[in-house]
Structure formats: C-alpha cells, structure tokens
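Residues per chain are reported as follows:
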Number of protein chains: 2
Amino acid sequence: MTELKTGGSQGYLRIATEEAFSTPELIEAWREELELPDVDPGFQSLIGFYINHPAERPKFIYDRLADLGETRLADMDARGIDRQILALTSPATNVLRDADRATMIAETANDRLAEACRAHPDRFSGMAACAPQDPRRAAKEIERAVTKLGLNAVVINSHILGEYLDNPKFSEVLEAAEAMDAPIYLHPNTPPRNMIGPMLEAGLDGAVFGFGVETGMHALRLITSGVFDRFPRLQVIIGHMGEALPFWMYRLDFMHQAGIRANRYEFLKPLKKEKVSNYLKENFYMTNSGVAWEPAIKFTQDVIGKDRVLYAMDYPYQCPAEEVAKLDAMDMSLEDKKMFFQTNAERVFKL
Amino acid sequence: MTELKTGGSQGYLRIATEEAFSTPELIEAWREELELPDVDPGFQSLIGFYINHPAERPKFIYDRLADLGETRLADMDARGIDRQILALTSPATNVLRDADRATMIAETANDRLAEACRAHPDRFSGMAACAPQDPRRAAKEIERAVTKLGLNAVVINSHILGEYLDNPKFSEVLEAAEAMDAPIYLHPNTPPRNMIGPMLEAGLDGAVFGFGVETGMHALRLITSGVFDRFPRLQVIIGHMGEALPFWMYRLDFMHQAGIRANRYEFLKPLKKEKVSNYLKENFYMTNSGVAWEPAIKFTQDVIGKDRVLYAMDYPYQCPAEEVAKLDAMDMSLEDKKMFFQTNAERVFKL
C-alpha cells in the first residue's frame with residue numbers, strides 16, 4: 001500500500017462526508033434514557049452495547065467520537081483524509097423523549113461543532129443537529145445553524161421516536177431545510193419498535209442490516225408520500241451507497257406504479273414526477289459510507305449520476321486506511337474520482 | 001420490438017423460474033383465514049387486496065394464477081417463454097394457523113402441479129409446496145414430492161406465522177431438502193406483525209419494498225445463524241435479484257465480522273466459511289424475478305457468479321413481453337445469456 005497523504009497530490013482532496021462525533025451532554029442523556037422504563041429496543045441494543053461493552057471496538061469508537069481535536073486530526077492524517085464533514089452521532093437526540101432536553105442538546109452540539117470548525121477551518125466542516133420532536137424549534141435551529149454558525153447541512157438520524165419525516169407534523173423542519181438550501185443527511189437509526197422484531201432476535205438490527213432497511217424505507221416514504229412534490233428543492237443525502245435504493249430502482253418503479261394504478265392504498269397518490277427513480281436522481285445524494293467497494297460505487301454512479309455520488313468514510317465506526325487506498329485504486333478516470341472524493345462534496349456542502 | 005418466439009431460435013431457451021399458480025383449496029382457506037380474529041396484518045393487506053379488489057390488476061392476476069392450461073400456455077407463447085418452473089403462490093400455506101389443513105393443501109397442490117407437469121412435460125416443471133408448521137409432515141412431503149412426483153425443488157414463502165427457518169424446530173425440513181438435493185426457493189412474504197409497522201403505514205409492505213427486506217433478512221438469518229454450517233449442501237434460491245443482498249455484500253461482511261469480533265450478540269458465533277459473502281456465493285442461487293434490468297443482473301453475475309444467476313419472470317404478477325425483449329437485448333455474450341436463460345435452470349432444477 002502506498003502512503004496515504006493529505007494535500008491532494010493524487011489529483012484530488014479526500015473529503016469524507018459522514019463522519020461522527022459525540023458531545024458529553026448527549027452521552028449523559030443517553031445514559032439516563034437507557035435507565036427509563038420502556039426504552040426503545042433498538043436504542044437499548046445499539047447504545048447499550050456501545051456505551052457499556054468492554055470489547056475493543058466499542059471502546060475505540062467511544063473514545064474517538066468524543067474527540068474534535070488532535071486525535072481525530074492524527075487519524076485523518078494517517079488515512080489521508082483532508083476534511084471531515086461532521087455529524088452528531090446516531091441516534092443523536094432522536095431517541096430522547098424529553099423534547100426540551102433533546103432540543104438543548106442539539107443546540108449545544110451545534111455550538112461545539114461550530115467551534116471545532118472555526119478552530120480547524122481547513123479540516124472540519126459540519127452538519128447541524130436538530131430535534132424534530134419540537135418541530136418549530138428544530139426549524140429555528142436549522143436557520144440559526146446555517147445563518148449564524150455556517151453549518152450548511154442538517155443531519156437527522158432517521159425515525160424520531162418511531163415517527164417519520166413525511167408525517168405532516170414535521171413540515172416546518174423540511175420547510176426550513178429547503179428555505180436554507182441545506183440538504184438533510186438522513187442517517188440510519190435502528191428500526192423502531194414496530195419493525196425491529198425479527199432483526200433484533202437474530203442480531204441483525206444494527207449496521208449489518210437493520211440500519212439500511214430502516215433508512216432506505218424512510219427515504220422511500222419521503223418520495224412516495226409526496227414530500228418532494230411539496231418541497232421540490234429539498235435535497236436529501238443518504239449513506240451506505242444509497243441504502244441499496246439504487247439497486248432496487250427498477251422494482252421500486254414497477255411496483256409503485258402498479259400499486260398506484262390499482263389504487264391499492266387510498267393514501268398513495270400519483271407523484272408529479274411519476275417514477276420513484278426520478279426523485280432518486282433529482283432529490284438525493286448518496287455517499288459510500290461503510291461501502292468501500294468499487295462495484296457498488298460504480299453501479300450507483302451509472303444509474304443515479306456521477307454528480308450525486310460522494311465519498312464518506314464513516315469514522316470512527318469504520319476507518320481502515322486500506323479502504324482509502326482501495327478507493328484510490330478504483331478503475332475510474334481521475335476526473336470522476338475527483339468528483340467522487342472532492343468536488344461533489346464541495347458543491348453539496350458549499351465548502 | 002421483434003417477435004418473441006419459443007423454441008430457442010435466438011440461441012437459448014427461456015426458462016422462467018419463479019412463476020406462480022394457485023389452487024381452489026388454497027384460495028378457499030385464505031378466504032376463511034381472512035375472516036378469523038387477529039389476522040396477520042401483512043396477509044390482510046396483500047391477500048385481502050388481491051382477492052377482493054375490483055381493479056384490473058388483481059383481477060387479471062387471480063384469473064391467471066388459477067389456470068394451469070391453455071391460458072397460461074398462450075401467455076407463455078406470447079412472451080416467448082419455453083418453460084415455467086411453477087410454485088404455489090405466496091404466502092401459500094405459510095399464513096394458515098391450522099397446521100393439518102395447511103399440510104393437506106400443500107399436498108393437494110403438489111398433486112395438481114405434478115398433474116399439470118405430466119400433461120405438459122415440455123412446458124411446465126414445478127417446485128413442491130410444504131407446510132413447515134408441521135415440520136415432520138413437511139419433511140415427508142418434500143421426500144414424496146421429489147421421489148414420487150418429480151418435483152425437484154421446494155418453495156417456502158419466507159416466514160411461517162412469524163417464525164424463520166433458522167429456528168431449530170424446522171431442522172427436519174432443511175434436512176429433507178438437503179437429503180433430497182432439492183434447493184429451497186425462499187419466496188417473499190409480507191413482513192410479519194413485529195416488522196411490518198412503518199411499512200404498512202406507508203403502503204410499502206408489499207412487493208414494492210416489504211417483500212424484499214423481509215426475505216433478504218430471512219436469507220441472511222439462515223447464513224448468520226449457521227444453517228449452512230449445519231447443512232452444508234443445502235442450496236437456497238432467492239428472487240428479485242437476490243433481494244439486494246449482492247449489493248449489500250461488502251457491508252454485510254464488514255459489519256458481521258465486526259459484530260463477531262466484539263461479541264455483541266452472545267448467540268452470534270463465528271461461521272465456518274467466515275464471511276457472509278462466501279455463503280452467498282456457494283449456497284445461493286439468485287433469480288431476476290421482477291427485475292428486468294440489465295445493470296442489476298450484470299452486477300449480480302459479477303459479484304456472485306454467472307453460474308448462480310437465473311432468469312425469472314414472476315408471472316402473472318409481472319409479465320410484460322417488453323421485459324423479455326429487453327433482456328434478450330442485454331449487452332451480454334450469447335454464452336452468458338444461455339446460462340442465464342437456460343442452462344443454469346436446467347442444472348438447478350434437474351430438467
């Protein structure tokens with residue numbers, strides 16, 4: 001493996017677009033939430049594991065999440081990452097049943113994130129957290145984060161206490177993101193209580209499988225419920241190579257249209273752009289977080305568009321330097337690699 | 001579009017490997033099951049729709065499912081399909097809470113199917129139905145179907161009243177399939193009660209999305225629970241271009257191994273073949289039912305293997321002649337197309 005360096009000597013900068021951090025306030029709130037009765041089973045499975053487990057992997061991850069300084073920068077240097085686009089780690093405040101506290105934690109996280117970005121403007125950029133549990137304040141926080149803190153995107157860790165963003169109660173949040181021209185990074189969460197059953201029972205509720213189907217479904221719900229007909233300029237970013245939606249595209253189009261024609265569900269109405277795939281190509285960006293795999297990346301570039309596929313590492317959850325080297329070595333033109341690693345991110349996150 | 005003909009003049013026969021039929025006994029049992037208290041919500045959503053809805057699509061489908069004679073043969077002729085591999089349509093007997101009745105319906109369906117295959121030996125082949133609700137009798141029926149009826153594969157429509165085939169209670173069924181050298185076609189079902197929640201709420205519980213994630217999860221459970229370490233010669237066929245598991249392959253391997261190393265779930269143990277992908281490549285066949293789309297077919301051929309990707313139409317649920325013409329026109333060598341359309345199926349189903 002050749003040495004990985006920052007600085008762009010290979011012809012492009014490497015901008016990693018789904019990189020996680022935590023705050024002490026969030027970790028404390030998670031610990032308290034885990035002690036409450038009737039805790040969400042996916043949250044218990046995921047965060048109960050990461051916070052308390054003595055194994056090497058969760059310990060490494062928890063130490064790294066907490067750092068927005070020298071350790072993180074050294075890890076980036078060692079992997080040739082020029083810039084991280086930072087997001088408050090999943091499930092962030094989405095699992096907190098106290099909406100006021102969730103809101104305050106998101107606001108504090110944004111202040112801390114903005115500070116780190118100011119301290120290292122050439123290495124860190126960030127996405128705003130918000131707590132959609134209180135849609136009005138979430139909308140206000142998106143506005144503050146963009147106009148005052150310079151955070152040009154929003155991260156929402158999929159379902160909010162089992163509810164989805166197509167629910168009209170969250171309209172203000174989507175409206176604010178669209179108005180601020182801030183894309184929403186729809187990051188995975190574990191499946192909610194009424195979906196997780198057989199995945200939890202088999203140990204497949206987390207990143208290995210449950211994350212992808214939950215978030216893929218959320219993205220799909222946004223499309224089929226008509227969110228992008230209501231907010232046509234809204235852009236959503238999904239990770240993990242589009243949570244497999246590019247691969248499902250043909251079937252999504254066929255069966256969605258068959259269902260519409262048969263009027264199977266009263267509440268599913270024809271879409272303005274007709275096909276699900278039109279929205280995937282015009283209202284979504286997709287990153288390869290967790291999928292350092294040339295075939296899936298190129299497939300997505302081919303069927304969604306090269307200008308909509310972005311590089312992500314998924315630090316600190318998945319950060320082997322070998323993966324960066326493997327992506328550098330993809331059989332892809334330098335021009336396309338530069339879009340993938342650098343210029344698409346610069347455009348989407350207004351760097 | 002050029003005329004579609006049977007007979008192989010294009011250099012290969014077209015063998016469609018996931019084609020559905022129904023029996024009057026099954027339809028009657030479904031109607032009665034739908035009237036019982038506490039009916040499975042996915043079954044209610046899917047079959048309640050297909051049986052009773054006046055729209056053109058469900059009516060067309062229900063008429064066609066019932067026919068194993070001239071109408072079906074005419075449809076095959078019009079689409080250039082030389083042979084159908086028939087399977088009792090989903091969810092078949094998997095939803096019936098009366099195990100005896102479920103078993104009898106499966107047995108009768110196999111007799112009817114064998115009769116149709118005898119009547120049209122050059123056009124029809126079939127897979128055996130069984131009711132795993134009574135594992136011992138299901139195992140016996142698999143043996144009878146293979147040795148007496150000439151049905152060389154088994155269809156199981158995913159979860160059985162919310163239970164999965166990795167449950168040790170179903171061991172006899174898997175053992176019989178392995179002993180008879182009969183691959184199991186794991187056909188989709190709607191997600192069970194403890195998974196369907198947010199999909200049903202958004203109208204995404206059926207073939208458009210719920211089918212794929214439920215069945216992909218089932219296939220994955222078989223791997224991660226060690227079914228193929230217990231039954232190493234067992235082969236499983238999954239449709240809909242592998243229910244997207246080929247696309248997820250890199251992430252499945254990475255996160256499964258990370259979970260094993262961290263010992264996150266006590267019941268998840270290391271696998272003999274180590275990686276999930278090794279099982280996908282050695283214990284699975286994948287058909288393109290519902291996915292008449294060159295990019296996804298070629299992707300799967302590339303990452304799983306050309307000898308493991310088979311053609312399917314998904315008649316009568318999805319049967320536009322244009323899809324056959326499109327697949328004929330794929331940019332693929334004649335040799336590879338012949339494997340895809342014909343010779344892989346001949347080998348897997350022992351035609």
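Everything here concerns the structure above.
Thresholds, definitions, all that
- Residues numbered from 1 in each chain as written.
- Chains lettered and ligands numbered in written order.
- Predicted model: local features only at pLDDT ≥ 70, side-chain atom pairs only at ≥ 80, totals over all residues.
- Contact = placed C-beta atoms within 7 Å.
- Helix = DSSP H or I, 4+ residues; strand = E, 2+ residues; numbered from the N terminus.
- Nonpolar A, V, L, I, M, F, W, Y, C, P; charged D, E, K, R; others polar.
- Least-squares fit on C-alpha atoms with pLDDT ≥ 70 in both.
- Buried ≥ 20, exposed ≤ 12 C-beta atoms within 10 Å, placed from the backbone.
- Arc of directions from axis to C-beta.
- Pairing = 2+ DSSP bridges.
- Right-handed = clockwise from strand over helix to strand, strands pointing away.
- Axes fitted to C-alpha atoms, helices over the stretch in contact; angles between N-to-C directions.
- Parallel < 35°, antiparallel > 145°, perpendicular 65-115°, else oblique.

Every contact between the two is made by 54 residues of chain B and, on the other side, 54 residues of chain A. Counting only elements with at least two residues in the side of chain B that touches chain A, the list comes to helix H3 (56-65), helix H8 (197-201), helix H9 (210-224), helix H12 (245-262) and helix H14 (294-304) of chain B. Classifying every residue of the side of chain B that touches chain A by side-chain character gives 35 nonpolar, 13 polar and six charged.

A rotation about an axis combined with a shift along that same axis relates the two copies of the chain. After a rotation of 180° and a shift along the axis of 0.0 Å, chain B superposes on chain A with an RMSD of 0.0 Å. Viewed as a symmetry operation, the transformation between the two copies matches a two-fold axis. Across chain B, the smallest distance between a C-alpha and the rotation axis is recorded for Met195 of chain B, namely 1.8 Å. A share of 100% of the interface residues of chain B reappears at the interface of chain A, consistent with the copies meeting face to face through the same patch.

Turning our attention to helix H14 (residues 294-304) of chain A. All names here are of chain A. Of all the residues in H14, the buried ones are Ala296, Ile297, Phe299, Thr300 and Ile304. Along the long axis of H14, the arc covered by the buried residues comes to 160°, so they all point the same way. Remark: Gly305 follows H14 within two positions and exhibits a positive phi of approximately 130°.

All right, on to the pairing of strand E2 (residues 83-88) of chain B then. Residue and element names in this part refer to chain B. Where burial is concerned, most of E2 is hidden: six out of the six residues are buried. Of the two faces of E2, the one holding Arg83, Ile85 and Ala87 and the one holding Gln84, Leu86 and Leu88 are both buried throughout. Two strands pair when backbone bridges link them, and strand E1 (residues 15-21) and E2 are joined in this way by five bridges, in the parallel orientation. Bridge pairing in E2 links Ala16 to Gln84. Pairing of E2 with strand E3 (residues 124-126) involves three bridges; the strand directions are parallel. When the sheet's bridge partners are listed, Ile85 is paired in E3 with Ser125. With respect to chirality, the unit in which E2 leads through helix H5 (residues 99-119) into the neighbouring parallel E3 is right-handed.

Residues and elements named next belong to chain B. Overall, parallel pairing links the three strands, which are arranged E1-E2-E3 in an open sheet. Strand pairing shows two members of the sheet lacking a second neighbour, E1 and E3, which therefore form its edges. For this sheet the average axis-to-axis angle between neighbouring strands, irrespective of direction, equals 35°.

Residues and elements named next belong to chain B. Where helix H6 (residues 135-147) contacts helix H7 (residues 171-179), the two axes come as close as 8 Å, and the packing angle between them is 10°. Judged by the angle between their axes, H6 and H7 are roughly parallel. Residues Pro135, Arg136, Ala138, Ala139, Ile142 and Glu143 of H6 pack against Glu172, Val173, Glu175, Ala176 and Ala177 of H7. Of the residues assigned to the contact of H6 with H7, the class counts are seven nonpolar, no polar and four charged.

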